[in-house]
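# Chain and residue survey
Next come the chains, spelled out residue by residue.
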Amino acid sequence: MVYGEYIQEPAVQLTKLLAQHLPSNINTTYLTNSGTEAIEGALKLARRFTGRSQIIAAKKAYHGNTMGAMSVADFKERKHPFLPLIPDVKFITFNNVLELELITKKTACVILETIQGGAGFITPKNEYLARVQQRCNAVGALLILDEIQPGIGRTGRLFGFQNYKCSPDIVVMGKGLGGGMPIGAFSASKKIMDSLKDKPKLGHITTFGGNPVIAAAALATLKEILTSNIITQTLDKERLIKQELSHPLITEIRGQGLMLAAIMPTAEIVNQVILKAQKRGLILFWLLFEAKAIRITPPLTISNEDLIKGCNIITDILDEINSDTL
Ligand SMILES: Cc1ncc(COP(=O)(O)O)c(C=O)c1O
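Residues numbered from 1 in each chain as written. Predicted model: local features only at pLDDT ≥ 70, side-chain atom pairs only at ≥ 80, totals over all residues. Heavy atoms only, no water.

You'll often see interface size given as the accessible area lost when the parts meet. Per the domain assignment, the segments making up the chain are domain 1 (9-227) and domain 2 (230-325). On a C-alpha basis, the centroid separation for the pair domain 1 and domain 2 is 28 Å. Every contact between the two is made by 26 residues of domain 1 and, on the other side, 21 residues of domain 2. Here domain 1 and domain 2 share an interface that buries about 2000 Å² over both sides, 69% of which is from carbon and sulfur atoms. Our count for the domain 1 to domain 2 interface comes out at 0 salt bridges. Of the residues in the side of domain 1 that touches domain 2, the class split is 12 nonpolar, 9 polar and 5 charged. (Domains from an automatic or database assignment. Contact = heavy atoms within 4.5 Å. Buried area = accessible area lost by both parts, 1.4 Å probe. Salt bridge = Lys/Arg side-chain N within 4 Å of Asp/Glu carboxyl O. Nonpolar A, V, L, I, M, F, W, Y, C, P; charged D, E, K, R; others polar.)

Structure, rendered in structure tokens:
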């Protein structure tokens, strides 16, 4: 069980099912304990496969909190106390194709969130991901997409990148894959993944990654999501939220599916809404880099009735704030 010398059935079934639903070349999956560990594995894999060290990440990215994941996240205040982090990391601006020239033959990989979460649920525009992929292909760099938030149905497709005509070299998953149990995973072609096999042997080691109880939970979650209408309902629920959340203090709703951010005129209003909502039984949250956003990421199984109730709580609070300031 410990280092994968013995193959256990739940992990095999889970990784087979994932392979059936990932692009056909991405047929091999390594299971980890968390999203951040999966990011570490993906970065190590890209360096090992290409023999290059440079990593390109996006400004305002978040990929987790271990040293490698923090190195490719862009949050100076949080990183500073832990410096130095891993070297040879450069940052580009998400959605800016002019900066793609920074990806060169020195680049091992480009790592991006398919939809930038902490930055305010910024979706890729104008075939950005496909263009990053083209540039990576041209210089022999790998494209890693972090699907830890959009993955497993949240954007109306099983994987967020399926909305954007793009097929990465390495896909990283976590969060929703476990249905509440702790899991992470990174997937790639067998050819790429095989480079972790030797020199050194067992290029990534984990005691509990692929644990049969966790793998069984993830398998059950994935089967339920794939065989029910949860994914298609996600887009109906997005429409319902957008319709119910019409209010003069909401300037924009960003994101896709059930990964939405409601933008308010000030950070102060956001704070009030989140704290007051909590007292009324509604869980919202802040986003790391966008102080004017409230995060709306309910469970995919939320009922329409609960969604309407939640939206009403938000608009009631906004009405109160509006009348206080008049
Ligand atoms: C986009 C993204 N990547 C990576 C992670 C890290 O995952 P974990 O918290 O399971 O380590 C998170 C967690 O919030 C995330 O949102």
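Before going further, it helps to spend a moment on the nonpolar core. Side chains of nonpolar character tend, in soluble globular proteins, to be buried together. Counting residues in each nonpolar core, the largest one holds 77 residues, and the members touching the most others are L112 and V273. Top element by residues in this core is helix 10 (residues 304-325). It accounts for 7 residues. Summarising the domain contributions, this core has at least three residues from each of domain 1 (9-227) and domain 2 (230-325). Excluding residues within four positions of it along the chain, V273 makes contact with M264, L284, I294, I314, I317, L318 and I321. (Core = buried A, V, L, I, M, F, W, Y, C linked by side-chain atoms within 4.5 Å. Buried < 20%, exposed > 50% of the residue type's maximum accessible area, 1.4 Å probe, protein only. Helix = DSSP H or I, 4+ residues; strand = E, 2+ residues; numbered from the N terminus.)

In this section: the sheet that holds strand 3 (residues 89-92). Sheets are built from strands paired through backbone hydrogen bonds, the pairs being either parallel or antiparallel. Read from one edge to the other, the open sheet built from 7 strands follows the order 1-7-6-5-4-2-3, with strand pairing classed as mixed. Every other strand in the sheet has two partners, leaving strand 1 (28-32) and strand 3 as the edge strands with one partner each. Strand after strand, the sheet turns through a mean of 20° between neighbouring axes, direction not considered. Looking at chain direction, strand 6 (residues 170-173) and strand 7 (residues 184-188) are connected through 3 bridges and run antiparallel. Paired with V171 across the strands is S187, a residue of strand 7. Lying on the sheet, helix 1 (residues 9-21) is in contact with strand 1 and strand 6; it crosses strand 1 at an angle near 130°. (Pairing = 2+ DSSP bridges. Axes fitted to C-alpha atoms, helices over the stretch in contact; angles between N-to-C directions.)

Let us now look at helix 8 (residues 230-244). Its 15 residues give helix 8 an end-to-end C-alpha distance of 20 Å, which sits within 8% of 21 Å, the value for a rise of 1.5 Å per residue. Residues I230, I231, T234, K237, E238, L240 and I241 constitute the buried set of helix 8. Here the buried face of helix 8 lies against helix 7 (212-227), strand 8 (252-256), strand 9 (259-263), strand 11 (293-296) and helix 10. (Expected span 1.5 Å × (residues − 1).)

A separate point is the pattern of salt bridges. Opposite charge on two side chains allows them to pair when their charged atoms are near. Per the stated rule, a full pass over the model turns up 9 salt bridges. The shortest N-O distance in the salt bridge between K165 and E127 comes to 3.0 Å. Placement of the pair is K165 in the loop between strand 5 (142-146) and strand 6 and E127 in the loop between strand 4 (107-113) and helix 5 (128-139), with a sequence separation of 38 residues. Judged by its relative accessible area of 67%, K165 falls in the exposed class. With relative accessibility at 47%, the residue E127 sits in the partly exposed group. The closest approach of N and O atoms between E238 and K242, which form a salt bridge, is 2.8 Å. You can see E238 and its partner K242 sitting in helix 8, 4 residues apart, about one turn around the helix. Bridged by salt links that share partners, the residues K190, D194 and K197 form one connected network.

Bridge analysis of strand 9 against strand 11 gives 4 bridges, and the strand direction is antiparallel. Opposite A262, over in strand 11, you have I294 as the bridge partner. Summarising the sheet, strand 10 (residues 285-286) and strand 11 pair through 2 bridges and their orientation is antiparallel. Residue pairing in the sheet places F285 in a bridge with R295 of strand 11. Counting the residues between successive antiparallel strands, the hairpin from strand 10 to strand 11 contains 6 residues.

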